[in-house]
Amino acid sequence: MTYKNLLLKKEGNVSILSINREKALNALNSEVLDELSCAIDELSEDKNTYVVVLTGEGRSFVAGADIGEMSSLNAEEARTFAKKGLDTFRKLELMEKPVIAAVNGFALGGGCELSLACDIRLASSKAKFGQPETGLGITPGFAGTQRLPRLVGTGLAKELIYTAKTIGADEALRIGLVNAVYEPEALMEEALKLANEIASKGQLAVRYAKAAINHGVETDLDTGMEVERNVFGLCFATEDQKEGMKAFLEKRPAEFKCK
Ligand code: DAK
């Protein structure tokens, strides 16, 4: 499928999805959110895509929800807009395949929240993160109040949200908002390296692990361990498990088939 506001490139088992609305620093309007939702469905169904890298064109990852579009919403329309974003981000988070955010520039408001819905965040040294909503007289609307404290802790999330301040990549690394920081020209190369490393493993195991982690962090330890026990059992119904262990015993690299 072709998109007006997205670029989709497939390189082997890795797909690169790039938000392409440079004139508004990739701000998310309803059209971008609708396209993002379709692209997530497309990538979920694509058997050859194992890992997704999400990034933005130009100097921004995503500079937030589109303030122009949001400014004239009434309360009911704001709830509808919020649902569109929440549902799309949740779909991304729960997608079976891992998603790496390659944060190339501004990740503000809805942009920071979009990165939070990804499995792993890598940043360019030029990236800027923040939840500027209170400066606009609103609360974060795409689950920033929920995902940010889960990732960096309540105190730091409250400070970032209450002050609406923007932080640089090094500070984001220090507080655990991103996994690593790279020079701008190295970011995509490093994101693809990580994506390909993940893509070389048993994909069903990776997907089960993602599901177990996502489920586990939202529940008590005993329930989480039960989820893990179940996905562990499921692995033994896959060809990948047989191949992975056989390859180890035969002292050769495994050839996984995602089966
Ligand atoms: N929306 C619309 N246009 C935007 C935009 C945005 N978020 N961010 C940038 N742009 C546009 C600018 O208007 C400008 O357009 P032109 O004037 O050229 O037509 C163009 O992108 C370039 O931006 P600047 O000229 O401002 O570039 P600078 O380098 O000077 O500044 C900046 C870059 C990122 C610091 C600045 O653009 C900026 O502060 N942008 C706004 C960042 C922001 O506040 N983002 C958070 C938005 S609030 C909810 C649902 C969702 C949300 C909340 C509630 N519910 C429905 C309840 C989410 C909210 C947000 O994300």
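Please read all numbers here as calculations on a predicted model, not as lab measurements.

Considering the overall build of the chain
Next up, step 1: A count of helices and strands for the chain gives 11 helices and 10 strands.
Next up, step 2: For 259 residues, the compact-globule formula gives about 18 Å, and the C-alpha radius of gyration of the chain, at 19 Å, lands near that figure.
Next up, step 3: Taken along its principal axes, the extent of the C-alpha atoms in the chain is 60 × 40 × 35 Å.
Next up, step 4: Within the chain, buried positions represent 46% of all 259 residues.

Things to note about the environment of aspartate 170
Next up, step 1: Position of aspartate 170 among the secondary structure elements: in helix α7 (residues 169-174).
Next up, step 2: Exposure remark for aspartate 170: the relative accessible area of 59% places this residue in the exposed category.
Next up, step 3: Measuring from C-alpha to C-alpha, the distance between aspartate 170 and lysine 128 comes to 9.5 Å, with 42 residues separating the pair along the chain.

What to know about the site of the ligand
Next up, step 1: Around the ligand lies a shell of 25 residues, among which Arg59, Ala63, Ala65, Ala78 and Gly110 are the nearest.
Next up, step 2: Here alanine 63 contributes a backbone N or O atom positioned 2.9 Å from a nitrogen atom of the ligand.
Next up, step 3: Protein contact buries 62% of the 1,100 Å² of open area that the ligand shows by itself.
Next up, step 4: Examining the composition of the shell around the ligand, we find that 3 residues originate from one element, helix α3 (residues 75-94), more than from any other.
Next up, step 5: Tallied by class, residues from the shell around the ligand come to 16 nonpolar, 5 polar and 4 charged.

Topic: the pairing of strand β5 (residues 99-103)
A regular strand places its side chains on the two faces of the sheet in alternate fashion.
Next up, step 1: Counting buried residues along β5, 5 of its 5 residues qualify, which places the element largely inside the surrounding structure.
Next up, step 2: Of the two faces of β5, the one holding Val99, Ala101 and Val103 and the one holding Ile100 and Ala102 are both buried throughout.
Next up, step 3: In this structure, β5 lies alongside strand β7 (residues 120-124), joined through 4 bridges in parallel fashion. Within β7, the residue paired with isoleucine 100 across the bridge is isoleucine 120.

Let's talk about the nonpolar core
Next up, step 1: If you look at the biggest cluster of nonpolar residues, it comprises 44 residues, and the most contacted ones within it are Leu54, Leu92, Leu114, Phe129 and Leu177.
Next up, step 2: For this core, the element with the most residues is helix α1 (residues 30-45), which contributes 6 residues.
Next up, step 3: When neighbours within four sequence positions are excluded, leucine 54 is seen to be in contact with Leu17, Ile19, Phe61, Leu92, Val99, Ile100, Ala101, Ala102, Leu114 and Cys118.
Next up, step 4: Grouped together as the second largest cluster of nonpolar side chains are 19 residues, Ile120, Leu122, Ala195 and Val206 included.

Considerations on the packing of aromatic side chains
Next up, step 1: If you walk through the whole model with that rule in mind, you get 3 aromatic pairs.
Next up, step 2: Aromatic pair phenylalanine 81 and phenylalanine 142: ring centres 5.6 Å apart, planes at 50°, arrangement tilted. Separated by 61 residues along the polypeptide, phenylalanine 81 in helix α3 and phenylalanine 142 in the loop between β8 (128-130) and α5 (144-152) bring together distant segments of the chain. Of the two residues, phenylalanine 81 and phenylalanine 142, both sit in the buried class.
Next up, step 3: An aromatic cluster of at least three residues, connected via ring pairs, comprises Phe81, Phe89 and Phe142.

Here we look at the packing of α5 against helix α6 (residues 154-163)
Next up, step 1: For the pair α5 and α6, the least separation of the axes is 7 Å and the interaxial angle reads 135°. Between α5 and α6, the crossing angle belongs to the class labelled oblique. In terms of crossing hand, the pair formed by α5 and α6 is right-handed. In contact with Gly144, Thr145, Leu148, Pro149 and Val152 of α5, α6 contributes Thr154, Leu156, Ala157, Leu160 and Ile161.
Next up, step 2: Classifying every residue of the contact of α5 with α6 by side-chain character gives 7 nonpolar, 3 polar and no charged.

Scoring rules and cut-offs
Residues numbered from 1 in each chain as written. Predicted model: local features only at pLDDT ≥ 70, side-chain atom pairs only at ≥ 80, totals over all residues. Heavy atoms only, no water. Helix = DSSP H or I, 4+ residues; strand = E, 2+ residues; numbered from the N terminus. Rg over C-alpha atoms; globule rule 2.2 N^0.38 Å. Buried < 20%, exposed > 50% of the residue type's maximum accessible area, 1.4 Å probe, protein only. Near = heavy atom within 4 Å. Polar contact = N/O pair within 3.5 Å; in protein donor to acceptor, adjacent residues only side chain to side chain. Areas by Shrake-Rupley, 256 points an atom, 1.4 Å probe, with all protein chains shown as cover. Nonpolar A, V, L, I, M, F, W, Y, C, P; charged D, E, K, R; others polar. Pairing = 2+ DSSP bridges. Core = buried A, V, L, I, M, F, W, Y, C linked by side-chain atoms within 4.5 Å. Contact = heavy atoms within 4.5 Å. Phe/Tyr/Trp six-rings, centres within 6.5 Å; stacked < 30°, edge-to-face > 60°. Axes fitted to C-alpha atoms, helices over the stretch in contact; angles between N-to-C directions. Parallel < 35°, antiparallel > 145°, perpendicular 65-115°, else oblique. Left-handed = near helix turned anticlockwise from the far one by under 90°.

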